[in-house]
Amino acid sequence: MQRSNNDIWVGLFVLIGAAALLFLALQSANLLSLNFQKTYAVTARFDNIGGLKPQTAVKSAGVVVGRVESITFDDKNFQASVTLALQNRYSFPKDSSLKILTSGLLGEQYIGIEAGAEEKTLQAGDTITATQSAVVLENLISQFLYSKAAEGGSSTAGTPTKK
Amino acid sequence: MSWWRPADVGFAVRSKLGDIGSAARLFVQLVGPGAKSLRRFGLVRDQIHFLGNYSLAIIAVSGLFVGFVLGLQGYYTLQRYGSSEALGLLVALSLVRELGPVVAALLFAGRAGTSLTAEIGLMKAGEQLSAMEMMAVDPVRRILAPRFWAGVITMPLLAAVFSAVGVIGGYVVGVVMLGVDTGAFWGQMQNGVDVWRDVGNGVVKSIVFGVTVTFVALLQGFAAQPTPEGVSRATTRTVVVASLAVLGLDFLLTAMMFSI
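A short tour of the structure in this document, coming up. Being a predicted model, the structure only gives us computed values, none of them experimental. (Residues numbered from 1 in each chain as written. Chains lettered and ligands numbered in written order. Predicted model: local features only at pLDDT ≥ 70, side-chain atom pairs only at ≥ 80, totals over all residues.)

**A look at the environment of Lys-99 of chain A**
All names here are of chain A.
So, point 1. Checked against the element boundaries, Lys-99 lands in strand β5 (residues 97-102).
So, point 2. With 24 residues separating them along the chain, Lys-99 and Gln-123 place their C-alpha atoms 19 Å apart.
So, point 3. With residues near it in sequence (within four places) discarded, Lys-99 still touches Gly-112, Glu-114 and Gln-132. (Helix = DSSP H or I, 4+ residues; strand = E, 2+ residues; numbered from the N terminus. Contact = placed C-beta atoms within 7 Å.)

**Points about the environment of Leu-101 of chain A**
All names here are of chain A.
So, point 1. Topologically, Leu-101 is positioned in strand β5.
So, point 2. For Leu-101, a count of 15 C-beta atoms within 10 Å corresponds to the partly exposed category.
So, point 3. As a C-alpha pair, Leu-101 and Leu-26 span 75 residues in sequence and 28 Å in three-dimensional space.
So, point 4. In contact with Leu-101, not counting residues within four places along its chain, are Gln-109, Tyr-110 and Gly-112. (Buried ≥ 20, exposed ≤ 12 C-beta atoms within 10 Å, placed from the backbone.)

**Some points on the sheet that holds strand β2 (residues 57-60) of chain A**
Residues and elements named next belong to chain A.
So, point 1. Spatial strand order, β7-β1-β4-β3-β2-β6-β5-β8: eight strands in an open sheet with mixed pairing. Each edge of the open sheet carries a strand with a single partner, namely β7 (127-128) and β8 (131-132).
So, point 2. Sheet topology note: the β5/strand β6 (residues 109-114) ladder contains six bridges and is antiparallel. Each bridged residue has a counterpart across the sheet, and for Lys-99 the counterpart in β6 is Gly-112. (Pairing = 2+ DSSP bridges.)

**A few points about the pairing of β5 of chain A**
So, point 1. Relative to β8 of chain A, β5 of chain A runs parallel, the two sharing two bridges. Bridge pairing in β8 of chain A places Lys-99 of chain A opposite Gln-132 of chain A.

Take a look at the structure:
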């Protein structure tokens, strides 16, 4: 194949295109933070997962230690069964508990792990049952209203004693 | 001419069916035996040079200005909700997922597609293609296939350049001019943009658009009436058909990729 002047310019063009792709992958999508580390799968049951989605972070003390792999509904006990992929380099006590938390007031939901006290550690395939469901705003509001109403009822009953 | 006569309707349907059939045959020829032209890379390289390098300026400048405008408009809207830090995310997502592939493909159709159609059409009008066939050289493999593959290779690169330059444009307007925090701009972007789901699907989209635009341009040139009027009509039709096809396909691809 004969070399022509075009070779240089086409090479430059392809390089620019590749550099643009690399820029998008590294700078805007942060490819480096994706680690292809080995993980082990742990299942957890939640009464209510709120707005949790696959691929959301699992954090312990604020540090990402894994991701949510899949979410399915278990129609035996009517709970959500969430599979977590935890990184191999972190191990947690068997009695660790999970909470569904929200970053900020309107932020994304994530799962927080609180380490327990047991000596044995979680193995692949284990199930965590000590979980706390997501806070559902509607339930919270209705609870608040009910308690207000109850308070209001008792206080009106109690007012006659007070002047 | 009375198009409601059954015979005329039948004729129109048959000729349209014939058009679709010959288009499909050309496509199969380009993708199948035409892939061998990649081995004679000199031909493809010259076409990449023509389609890619000369489109780079218009793509980069358009990307820069689209990024500027996204920065301004995004800031205006986000600032109402007190979340102007998310500007980087908005600019990057809209460019990588949607505007980069689509606008680059539309520009590519206007800049490179038309010249492909005109070139092929004039070759046909000058009976150069027939002359090649006389010499037992297949014009589809010698002329059309290198152009097709060059377009398919060029389009994703151009779309990536468009998106990258656009993100920089958004950065210039958002951070340098309007005073959004630099760390928040890049941080929100890096948290929200996924390499495979967003960038990867954008690349897939731009490859599909590259196939579409280049194929439409080549087909229109190859099927053009070999007259000056026919070539000019074919060039116009390239822009219309390619743009509509890109926008329609974009909807389909987006529905397939992002709704799951």
